[in-house]
Each structure stands twice: as C-alpha cells, then as structure tokens.
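Commentary on secondary and tertiary structure
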Amino acid sequence: MNELAIIGGTGLTDLKGLEITQQHQVNTPYGETSSPIIQGTYSGKSVFFLARHGMQHTIPPHKINYRANIAALKELGVKTVIAIAAVGGIHPEMQSKDLVIPHQLIDYTWSREQTFFSENLNKVTHIDFTHPYCEKLRNQLLTSAKKIGLKVHSKGVYGATQGPRLETIAEINRLEKEGCDIVGMTGMPEAALARELELCYATCAIVANPAAGRSSKEITMAEIEANLKESLENVHKLLAEIILF
Ligand code: HPA
C-alpha cells in the first residue's frame, strides 16, 4: 500500500501500538494542522497519524483546519488516507458500536473552508466527486474486515452536518428522507479536499449513538465515549490487518 495516513476522530487521539519514529510540524499555506503528524511503525508498516480534533480533543468539528491537515499529509508524501469518524446511526440496522464503510455522502455543512481551488487560479477547477470515497481503499477495508471475521456495513450514505450541536429529530427525519444512513460532523470538507489533492481516501465510521429520535434516550457524551471505547478494539484490529495487506 502507498504511504498511508490515519486520521483519528473522537475517541482515537492516538494509535495504540504505534512505534513512533518521528513527529512532523508541517507549515502549510493554510495554517496549522490539528496536531503534529506522528510517523511510526504499526504492525510492521510505516504509517502517519493525525488527531483530527487535536491531541487533547479540543478542536470542534467546525473549527478544524481541514485544508491544513490534508495539505500537510500530501506534503509528507501520503497517498492513502483512512479517516476514522464517530457517527450517529440513522438506518435501523446501523446500531451503536457497528462499523460502517460509507460509499456516498451528502454535505450539509456551511461556512467551512472547503476547497484548495479558490485563489490564485490559472483556471477554474471542478473535481469529479461522483464517488466521494476511493473504491480501491473501501474494498481493501472490506476485504480486511472479512478476513478477520469482523462485521462491517459495506455501504452507507454519510450525512455531514455542521455541529457542534447534535441534530433535532426533524433534521434526522429529513436526512433519512434524503437517503442518509449515518450522520457525522467531520466528513466534509475532508473527503473533498483529499480528492482535490488526489489522495485515495475512505472512511471507517463508528456508530457512537442512535441519531436524534432513533432511541427514547437523551444522547450523552458518556454514551458516545463508552460505545467508541468498545468499538475501537475492532477498529485497531481492522487497521492492523489492512496495514499488513
Ligand atoms: N450526529 C452527528 N455527529 C455525531 C453523532 C450524531 O448523532 N454522533 C457522533 N457524531
């Protein structure tokens, strides 16, 4: 596999078992990355790791410098990115602690720096985003999951909301009607920026809670964190397998 980076989301601010060889503080034209980029060896393979919300989990989804993060990975020679992301489950089969490898997305975010192609252009550029995730990497994730007997949902539509608040029931009903299976706050513009820089990018989403109105209980951070903690075992197994692939 080409130079691989893992972007860790909520619940994954470090990569257990990563033997660190170097830390990179990359200066980008877009400002600072969420955290230094860690380089190391994981399951015998070279990998970069970036904590999307910062090492102390202090950067909310709408304040993440997505452009700096993606530009820095590109600068380090990364070709392939696995993004780990916590989500709410909308589809009745996407239950807490399940893993989903989404194949499509709908962007509901606003007011984020969403492109590298807005200034100093020689010509206007429109990337193809028909398939927002890299199919090759999605298939590698699915094959690896199968190999280790890990149940994952092989498809799903990711609705990217602005946050940082969670959604209302009516908003989730609307997302469902529009075809979303899971909902998260960080999927965009990250996926589009990766495509703009020609990185092969796919997401492994962890269902942290039933989305608003999909259970009778209030959604709490304690519930989200507890579910993520349990599922991270499986995420680690999947990452170890795919890095060996
Ligand atoms: N909505 C949006 N983002 C999320 C959720 C949710 O319910 N859970 C974890 N991230």
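Residues numbered from 1 in each chain as written. Predicted model: local features only at pLDDT ≥ 70, side-chain atom pairs only at ≥ 80, totals over all residues. Heavy atoms only, no water.

Points about the nonpolar core
Core analysis: the biggest nonpolar cluster contains 45 residues, and Ile6, Ile82, Ile84 and Leu239 have the highest contact counts within it. Elements supplying a minimum of two residues to this core: strand E1 (4–8), strand E3 (37–42), strand E4 (45–51), strand E5 (80–89), helix H2 (135–147), helix H3 (169–177), strand E11 (200–210) and helix H5 (221–244). Per element, the largest residue contribution to this core is nine residues, and it comes from H5. Beyond its immediate stretch of four places on either side in the chain, Leu239 contacts Ile6, Leu15, Tyr42, Ile82 and Ile84. Core analysis: the next-biggest nonpolar cluster, separate from the first, contains 34 residues, Val26, Leu50, Ala191 and Tyr201 among them. (Core = buried A, V, L, I, M, F, W, Y, C linked by side-chain atoms within 4.5 Å. Buried < 20%, exposed > 50% of the residue type's maximum accessible area, 1.4 Å probe, protein only. Helix = DSSP H or I, 4+ residues; strand = E, 2+ residues; numbered from the N terminus. Contact = heavy atoms within 4.5 Å.)

Examining the pairing of strand E9 (residues 157–160)
Residues Val157 and Gly159 point to one face of E9 and Tyr158 and Ala160 to the other, with burial holding for every one of them. With four bridges connecting them, strand E7 (residues 104–107) and E9 associate as parallel partners. Paired with Gln104 across the bridge in E9 is Val157. Summarising the sheet, E9 and strand E10 (residues 182–184) pair through three bridges and their orientation is parallel. Residue pairing for E10: Gly159 is matched across the bridge by Val183. For the crossover from E9 across H3 to E10, the handedness is right-handed. (Pairing = 2+ DSSP bridges. Right-handed = clockwise from strand over helix to strand, strands pointing away.)

A word on the site of the ligand
Ala86, Val87, Gly88, Leu166, Glu167, Val183, Gly184, Met185 and Asn209 make up every residue found near the ligand. A distance of 3.4 Å separates a nitrogen atom of the ligand from a polar atom in the backbone of Ala86. Here Asn209 contributes a side-chain N or O atom positioned 2.7 Å from a nitrogen atom of the ligand. When the free accessible area of the ligand is taken as 260 Å², the share hidden by the protein chains comes to 93%. Elements with a contribution of two residues or more to the shell around the ligand: E5 and E10. Looking at the shell around the ligand element by element, the count peaks at three residues for E5. Taken together, the residues of the shell around the ligand sort by class into five nonpolar, three polar and one charged. (Near = heavy atom within 4 Å. Polar contact = N/O pair within 3.5 Å; in protein donor to acceptor, adjacent residues only side chain to side chain. Areas by Shrake-Rupley, 256 points an atom, 1.4 Å probe, with all protein chains shown as cover. Nonpolar A, V, L, I, M, F, W, Y, C, P; charged D, E, K, R; others polar.)

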